[in-house]
Amino acid sequence: MPRQYDVIALLSGGLDSLLAAHLIRRQGKKILGLNFVTPFFGKAHLVEKWKNLYGLELMAVDVSREFVDMLVERPGHGFGKMLNPCVDCKILLLRKAVELMREYGARAVITGEVLGQRPMSQRLDALNIIKRESGVGDLLLRPLCAKLLPETEPEQSGFIDRSALLALSGRNRKGQLALAGEFGITDIPTPAGGCLLTEQEKSRAYWAVLRFAPNPAPTDFAVVKNGRPYWLFDSPTLDRASCMLSIGRNREDNERLEQLAQKDDLLFLPAGFTGPTALGRVFADAPWTNAEVFSAASLTASFAPKAARSFELDGKPLKMLVRTGGEEQVLEVKPERAAGNGRVWSAYPWEKAREEIRAEAAAKARARAF
Ligand code: SF4
């Protein structure tokens, strides 16, 4: 039999959701915290630490596939300033929370939302949409701003004492910091729990995956997250791309890229010099040509500054080990970034990504108007 809990709490790892959980626990409720994990947010590796640090029962719930599907199909309520689909994200997470609420016999779901704190997902109309479309309805309680919202079922039934809830609103965080002091939380986490979809650098890389990967999977986003993402474009207009390459920026990236390599992928490793590891993602039915493999090896070698300088001095090619499908070969390459034949290795520019995101949103709005 699964264990029983009174309340399910969404815990992003940020301060607000943590405070909301503490407020309800103070009412004697048994809480199960959920930390949702996708390639863009979630901290499964910190769950054990948080359990001890905050004295809360907590589990990581991986929703990567559902989240990526939502991005591929495009979020119904659009993106925020970057590639953050906040309203649809909350709807998706709450749907999952409702499932778990039923499984664990809980009577409410709580979040750390604060009315008016974030422009996209914490306006009153957005809060109502999220409540309605997630199916959580009146069982959703937002303890930090509950007194500014209509009474929910757990409050009406007396399960939760409304008088002990708060009326926080806006972007000022004084109330939260005072409350953190009250609960003895000294290690103050960041407000949002760190979502990569709100960062421009990551958003442009993720948008390129959505644009050019034939059937984007969670692991494709993990690959571009752990390195400098490059695509091989057919021309300098950057309209069509094929090969996706992620080049490690440091030792941690290099190790992570090795772990992320799938059977048919191409792993590029420097042989006999210090340089980055790179992962070439090979999509189904889209094998790379020999020329593309060679060009990716040259590009990767160009990110080894010392070795590239020695090539300039002595003209001796650099050796790159290429591993794929359990086989290895060594290529001798010139460290260079040009792809040749009119093709171009490039990261995807944010300006272009933003234009495309806006154009899609405008087309959608026009379609709705008819
Ligand atoms: S910032 Fe990221 S995690 Fe937070 S609601 Fe938006 S998309 Fe979801």
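Note that this is a predicted model, so its numbers are computed, not measured.

Caption draft 1: Fine view of the overall build of the protein. Per the secondary structure count, the protein includes 13 helices and 13 strands. By its C-alpha atoms, the protein is 80 × 55 × 40 Å across when sized along the principal axes. The buried share of the protein, taken over its 370 residues, is 51%. Across the protein, every contact between residues at least 6 apart in sequence was considered, and the portion connecting residues at least 24 apart equals 65%. Per element, the accessible surface of the protein, about 17700 Å² overall, is 52% carbon and sulfur. Positive and negative charge centroids in the protein, built from 51 and 44 side chains respectively, lie 4 Å apart.

Caption draft 2: Region of interest: the environment of Ser64. Among the structural elements, Ser64 can be located in helix α3 (residues 64-73). In sequence terms Ser64 and Pro218 are 154 residues apart; their C-alpha atoms lie 6.0 Å from each other. Residues in contact with Ser64, not counting those within four places in the same chain, are Val37, Thr38, Pro39 and Pro218. Here Asp62 takes part through its side chain, which lies 2.7 Å from a polar atom of the side chain of Ser64.

Caption draft 3: Molecular detail of the packing of helix α4 (residues 86-103) against helix α5 (residues 124-134). Closest axis-to-axis distance for the α4/α5 pair is 8 Å, and the angle between their directions is 40°. What the angle tells us is that α4 and α5 run oblique. In the packing of α4 onto α5, the handedness of the crossing is right-handed. Contact with α4, carried on its side by Val87, Lys90, Ile91, Leu94, Arg95 and Val98, involves Ala126, Ile129, Ile130, Glu133 and Ser134 of α5 and no other residues of that element.

Caption draft 4: Quick look at the side chain of Ser134. Within the secondary structure layout, Ser134 lies in helix α5. One polar contact links the side chain of Ser134 to the main-chain carbonyl oxygen of Ile130, over a distance of 2.7 Å. Residues contacting Ser134, with those up to four places away along its chain left out, are Ile91, Leu94, Arg95 and Val98.

Caption draft 5: Examining the domain arrangement of the protein more closely. Here the domain parsing of the protein yields domain 1 (7-196) and domain 2 (199-353). Spacing between the C-alpha centres of domain 1 and domain 2 amounts to 38 Å. Residue-level contacts link 14 residues of domain 1 with 14 residues of domain 2. Looking at the side of domain 1 facing domain 2, the largest losses of area belong to Met82, Leu83 and Leu196, adding up to 45% of the total buried there. Between the two partners, domain 1 and domain 2, sit 0 salt bridges. On the surface where domain 1 and domain 2 come into contact, there are 4 residue pairs in polar contact (both at pLDDT 80 or more).

Caption draft 6: Focus on the packing of aromatic side chains. What the rule picks out here adds up to 15 aromatic pairs. On the basis of an interplanar angle of 90° and a centroid distance of 6.4 Å, the ring pair of Phe79 and Trp207 is categorised as edge-to-face. Separated by 128 residues along the polypeptide, Phe79 in the loop between α3 and α4 and Trp207 in helix α8 (residues 200-212) bring together distant segments of the chain. The pair Phe79 / Trp207 is uniform in exposure class, with both members buried. Seen from their ring centres, Phe233 and Tyr348 are 6.0 Å apart, and the 15° between their planes marks the pair as stacked. A residue pair is termed long-range when its members are at least 10 positions apart, and Phe233 in strand β6 (residues 228-233) and Tyr348 in the loop between β13 (343-346) and α13 (350-369) qualify at 115 residues.

Caption draft 7: Quick peek at the nonpolar core. Counting 64 residues, the largest nonpolar core has Phe40, Phe67, Val109 and Trp231 as the members making the most contacts within it. Sorting elements by how many residues they give to this core places α4 first, with 10 residues. Looking at which domains feed residues into this core, each of domain 1 (7-196) and domain 2 (199-353) supplies at least three. Beyond its immediate sequence surroundings of up to four residues, Val109 is in contact with Ile8, Leu10, Leu94, Ala97, Met101, Val136, Leu139, Leu140 and Leu141. Core analysis: the next-biggest nonpolar cluster, separate from the first, contains 30 residues, Leu18, Ala20, Leu179 and Phe183 among them.

Caption draft 8: Expanded view of the pattern of salt bridges. Summed over all chains, the structure comprises 23 salt bridges. Note that Arg343 is salt-bridged to Glu292, the shortest N-O span being 2.9 Å. On the criterion of sequence distance, the pair formed by Arg343 in strand β13 and Glu292 in helix α11 (residues 290-301) is long-range, its members being 51 residues apart. When its relative accessible area of 24% is taken as the criterion, Arg343 is described as partly exposed.

Caption draft 9: Region of the structure containing the site of the ligand. Within the structure, the ligand sits among Phe41, Pro85, Cys86, Cys89, Lys90, Cys195 and Thr198. Residue classes in the shell around the ligand are distributed as 5 nonpolar, 1 polar and 1 charged.

The rules behind these values
Residues numbered from 1 in each chain as written. Predicted model: local features only at pLDDT ≥ 70, side-chain atom pairs only at ≥ 80, totals over all residues. Heavy atoms only, no water. Helix = DSSP H or I, 4+ residues; strand = E, 2+ residues; numbered from the N terminus. Buried < 20%, exposed > 50% of the residue type's maximum accessible area, 1.4 Å probe, protein only. Contact = heavy atoms within 4.5 Å. Areas by Shrake-Rupley, 256 points an atom, 1.4 Å probe, with all protein chains shown as cover. Lys, Arg positive; Asp, Glu negative; His and termini not counted. Charge placed at Lys NZ, Arg CZ, Asp CG, Glu CD. Polar contact = N/O pair within 3.5 Å; in protein donor to acceptor, adjacent residues only side chain to side chain. Axes fitted to C-alpha atoms, helices over the stretch in contact; angles between N-to-C directions. Parallel < 35°, antiparallel > 145°, perpendicular 65-115°, else oblique. Left-handed = near helix turned anticlockwise from the far one by under 90°. Domains from an automatic or database assignment. Buried area = accessible area lost by both parts, 1.4 Å probe. Salt bridge = Lys/Arg side-chain N within 4 Å of Asp/Glu carboxyl O. Phe/Tyr/Trp six-rings, centres within 6.5 Å; stacked < 30°, edge-to-face > 60°. Core = buried A, V, L, I, M, F, W, Y, C linked by side-chain atoms within 4.5 Å. Near = heavy atom within 4 Å. Nonpolar A, V, L, I, M, F, W, Y, C, P; charged D, E, K, R; others polar.

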